[in-house]
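# Results of the structural survey
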Amino acid sequence: MRIRAERDDLADVLGRAARAVSNRSPLPILQGVLCEVEGGRLRVTGTDGEITIRTSLQVEALEEGRTLVPAKLVAEAVRKLPAGAVAMSSAGGQVEITGNGPRFRLRELNVDDYPATAPKATSGGITMDGDLLTRALNQVGVAASGDDARPTLTGVLFEADEEGSRLVATDGYRLAVRDLAGAENFPTTLVPNRALKEVSRTIGDSKITVDLGEREATFGSERGSMTVRVIEGAFPPYRHFFGSFPNRLTVPREALLDAVGRASLVAEDHIPVRLNLHQGGVELSITRQEVGEETEHIEGDFQGEDMTIAFNVRYLTDGVAAVVGDDVVIHATDPVKPGLVTGTDEEGFRYLLMPVRV
Amino acid sequence: MTADPPPILHVDLDAFYATAEQVRDPRLRGKAMAVGEGVIMAASYEARRFGVRSAMSTAVARRLCPGLIVVGGHFEDYSRLSTTVFDICAEFTPVVEQISIDEAFLDVSGALHLFGSSVAIAGELRRRVRHDTGLVLSVGVASTKFLAKVASRVAKPDGLVVVDPPTEIAFLHALPATAIWGVGRATETRLGELGIGTVGQLANTDPTTLRHHLGRSAGGHLHALAWNRDPRPVVTSHRVKSVGAQSAFGRGGTDPAVRHRVLVDLADRVGRRLRAKELAGRTVTARIRFDDMTAITRSATLKAPIATTPAIVSLAVRLAEEGIAAVAAGRVINLLGIAVSQLSSSPHLQLELPFGEAPGEGVQRAGSVQERARHELDLAIDALRSRFGTDAVGPASLVLGGRTGSVPDAFRDLATRDR
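Residues numbered from 1 in each chain as written. Chains lettered and ligands numbered in written order. Predicted model: local features only at pLDDT ≥ 70, side-chain atom pairs only at ≥ 80, totals over all residues. Heavy atoms only, no water.

### Focus on the overall build of chain B
Tallying secondary structure elements over chain B gives 17 helices and 13 strands in all. In chain B, which comprises 419 residues, the proportion classed as buried is 48%. Of the contacts made within chain B by residues no fewer than 6 positions apart, 64% connect residues no fewer than 24 positions apart. Accessible area of chain B: about 19,300 Å², with a carbon and sulfur share of 55%. (Helix = DSSP H or I, 4+ residues; strand = E, 2+ residues; numbered from the N terminus. Buried < 20%, exposed > 50% of the residue type's maximum accessible area, 1.4 Å probe, protein only. Contact = heavy atoms within 4.5 Å. Areas by Shrake-Rupley, 256 points an atom, 1.4 Å probe, with all protein chains shown as cover.)

Structure follows, in structure tokens:
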């Protein structure tokens, strides 16, 4: 194969595909990115066996063919070339990359050993606003678990019912739900959050097509596609948490975030911030033995009975930060039942979090 | 010219349980006798001459030493005698670090103007302990805790060894490598393969070589000790760092069902002690010792600290069985131990969302509904037991299977210490 392309374009398609490649891959062959040239297009594929990212670029194709090269190395090599045109060609077990003087010769990996990665014929999928999807994924993604001991909690649930489609994630301590009222109905699918974090980075675009299959989920756009194996197993039942909450505090979102940020200066991760909810607002306080304490009051609207509830600082911050709008509403029942964080406009985001027993 | 005697004392009661029995019953003095039921906990020096050792089964001990007198443990007396001894120590210096029922470190550097030299204090301590209690105290005096402990070992039985700083390296280097606490049989074998028999040879071996053969931390540690580099101070009121229990047994250890019962019993005791101190721990360690006295340990760390018996059991069983399967299938096990560390007394508990999981699913996760309910249950069980006795209520596998071992609980709880 032999191509010519602009350095920035080539570095971009190689770099994005290389994001799927893991340095710790058990199979050495998966350390490579597959480069295929056909019909004036370069298609680049990277995978770690679970996540596969495909990108492509219109190039000046001087000779069709395919090659497999070490992913991180080739992406970095191209990126570090001088700006301008870059030529890439493979022959005799080597890939040569040149541009404005420098010349890299990289050993090819055995392309015939690379697992079959031909994208399956797409059965359509659901096309939706790309910004809306990536924002929603970020909103719920904070609640997903990173602990592989409970695999079903490491995913984001895509599902739909009579009220429409939604995304849900939980790590067992908090649970985030984002309704996507306008979107076509998602078939119930549990997609690894680790892969979803890559959607905006690798294929983010104004329109994204979501194709949720029984074994794999694929997210595609003009910029490429990301395919991942879905998580088997059932997402825990969660709807019963959203009953009625007798106590409701409405405060300016930025003020609450700033206050929690100040309080966290005093705390270690496991020391909770106490919220004393009362008529007229909330008093935040945090105390750490042998270090000190911080307290402050935020004015707001409170309806219900005065009460105190304590939350992990990071869990509370994640939820408040994910809310869109000027105000945030904290709903609570008692000091040991879940609290709920929402916005005031009906944006369809709900963030449930368990308190810390103090 | 001689330097001032060094300020650290290691005091150690000789054959403590056995001597304590001889104090109670003068007819036992000068006799080959031992304390224990089923398993020897301590033997008099007369019995040791026949090869009787702690952790040996009574049957084996009797075979080695016909006519051996074996007596039961009078735990309250031991505890009282021990308290008396350390009260005497406290009369000389407030800096007493008790490390078990019969051993302590003392730093007397602040007491020299009152009592003269550390050597004088050591001599007076030995005299007072013998006079007031009838027990025999051996003392090592040196510049570090490590060397003081080595010295007291050399001093036994009934002796006092002072290692003057100018001669300490010469003293240490002449000793066999096994004099260093922590050099067990496995390490001794490995050192032997390197041609190292004495502390001096150890000291003059390249630390890189030691790290390579003994592991990074153990190698460096032993080399430092061989040059008497031990920066640990004597600490008075140390906070409890771990709570543990162990159980020695005969042949049963190769049977997984027996092992399981022993681990349940140990976890039951450790959990109860943790809860009594209002502590919980994140790390659970299982220790398995074999009949050649080599041992392995396996540990796991949780996200949040636990103190319930089932959580400790499930982790300890998993760790022990994994450890045995990995390195020890078929070997004879003669001791199992459990310790819980990374302790915290924080009242804060991050609760988990109640997903309505099946019983048993939330075990080992402190904030789960199941684990919280179990904690309440365990506290209720503890309360019942402190009122009606340990056997009033307990794990079914122990009640139905018969409690393991023949050593009374009171003795074990006395002999196991929290560090």
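### Describing a nonpolar patch on the surface
Together, B:Phe50, B:Val60 and B:Leu64 line one region of the surface with nonpolar side chains, adding up to about 240 Å² of accessible area. As for its position among the elements, B:Val60 is in helix 3 (residues 58-64). (Patch = residues over 30% accessible without salt bridge, like charges linked within 9 Å, V, L, I, M, F, W, Y side chains within 5 Å. Salt bridge = Lys/Arg side-chain N within 4 Å of Asp/Glu carboxyl O.)

### Quick word on the sheet that holds strand 12 (residues 333-344) of chain B
All names here are of chain B. Spatial strand order, 9-12-10-11: four strands in an open sheet with antiparallel pairing. Each edge of the open sheet is held by one strand with a lone partner, namely strand 9 (242-248) and strand 11 (295-306). Averaged over all pairs of adjacent strands, the angle between strand axes in this sheet comes to 15°, irrespective of strand direction. Bridge count for strand 10 (residues 280-290) against strand 11 is eight bridges, and the pairing is antiparallel. Residue pairing in the sheet places Gly-281 in a bridge with Ile-306 of strand 11. Across the sheet, helix 14 (residues 309-327) touches strand 10, strand 11 and strand 12, and the angle it forms with strand 11 is around 150°. (Pairing = 2+ DSSP bridges. Axes fitted to C-alpha atoms, helices over the stretch in contact; angles between N-to-C directions.)

### Quick notes on the packing of aromatic side chains
By the definition in use, this model includes 11 aromatic pairs over all chains. Between B:Phe92 and B:Phe115, the aromatic rings sit 5.0 Å apart at their centres with planes inclined by 45°, giving tilted as the arrangement. Residue B:Phe92 is located in helix 4 (residues 75-92), and its partner B:Phe115 is located in helix 5 (residues 112-115); the two are separated by 23 residues in the primary sequence. B:Phe115 sits in the partly exposed class, given a relative accessible area of 33%. Clustering of aromatic rings is evident, with ring pairs tying together A:Phe158, A:Phe186 and A:Phe219. For B:Arg48, the ring lying beneath its charged end belongs to B:Tyr45, and the centroid distance is 4.7 Å. Between the NZ or CZ atom of B:Arg331 and the centre of the ring of B:Phe290, over which it lies, the distance is 4.1 Å. (Phe/Tyr/Trp six-rings, centres within 6.5 Å; stacked < 30°, edge-to-face > 60°. Lys NZ or Arg CZ within 6 Å of the ring centre and 35° of its normal.)

### A word on the packing of helix 3 (residues 130-141) of chain A against helix 4 (residues 193-203) of chain A
Residue and element names in this part refer to chain A. Between helix 3 and helix 4, the shortest axis-to-axis distance is 9 Å and the interhelical angle comes to 145°. Crossing of helix 3 over helix 4 shows left-handed handedness. Residues Thr-134, Leu-137 and Gly-141 of helix 3 pack against Asn-193, Leu-196, Val-199 and Ser-200 of helix 4. Of the residues contributing to the contact of helix 3 with helix 4, the split by class is three nonpolar, four polar and no charged. (Left-handed = near helix turned anticlockwise from the far one by under 90°. Nonpolar A, V, L, I, M, F, W, Y, C, P; charged D, E, K, R; others polar.)

### Quick look at the pairing of strand 3 (residues 39-43) of chain B
All names here are of chain B. Among the five residues that make up strand 3, four are buried, leaving the element largely enclosed by the rest of the structure. Bridge count for strand 2 (residues 33-37) against strand 3 is four bridges, and the pairing is antiparallel. Bridge pairing links Ala-34 to Ala-43 in strand 3. Joining the antiparallel neighbours strand 2 and strand 3 is a turn of one residue, in which Gly-38 adopts a positive phi near 90°.

### What to know about the confidence of the model for chain B
Residues and elements named next belong to chain B. Taken as a whole, chain B shows an average pLDDT of 85; of its residues, 92% reach a score of 70 or greater. Confidence drops under a pLDDT of 50 for residues 403-411, and excluding neighbours within four residues, the segment shows 27 contacts in the predicted structure. Confidence metrics for the complex model read pTM 0.67 and ipTM 0.87. (pLDDT = per-residue confidence, 0-100.)

### Considerations on the interface of chain A and chain B
At the junction of the two partners, chain A supplies 25 residues and chain B supplies 14 residues. For the pair chain A and chain B, the summed buried area comes to about 1,700 Å², and 61% of that belongs to carbon and sulfur atoms. When residues of chain A are sorted by the area they lose upon contact with chain B, A:Arg150, A:Tyr173 and A:Arg357 head the list and together hold 36% of the total. On the surface where chain A and chain B come into contact, there are two salt bridges. The residue B:Glu352 makes a salt bridge to A:Arg150 at a minimum N-O spacing of 3.8 Å. Our enumeration of links across chain A and chain B arrives at six residue pairs in polar contact (both at pLDDT 80 or more). Listing elements by their share of the side of chain A that touches chain B, those giving two or more residues are strand 13 (174-180) and strand 27 (356-357) of chain A. Pairing of strand 27 of chain A with strand 13 (residues 349-350) of chain B, which is carried by two bridges, proceeds in the antiparallel orientation. Within strand 13 of chain B, the position partnered with A:Val356 by the bridge is B:Gln350. (Buried area = accessible area lost by both parts, 1.4 Å probe. Polar contact = N/O pair within 3.5 Å; in protein donor to acceptor, adjacent residues only side chain to side chain.)

### Here's the deal with the pattern of salt bridges
Residues and elements named next belong to chain A. One pass over the full model with this rule turns up 50 salt bridges over all chains. For Glu-96, the salt bridge identified is with Arg-105, shortest N-O distance 3.0 Å. Among the charged side chains, a network of salt bridges with common partners joins Glu-159, Asp-161, Glu-163, Arg-166, Asp-179, Arg-239 and Arg-350.

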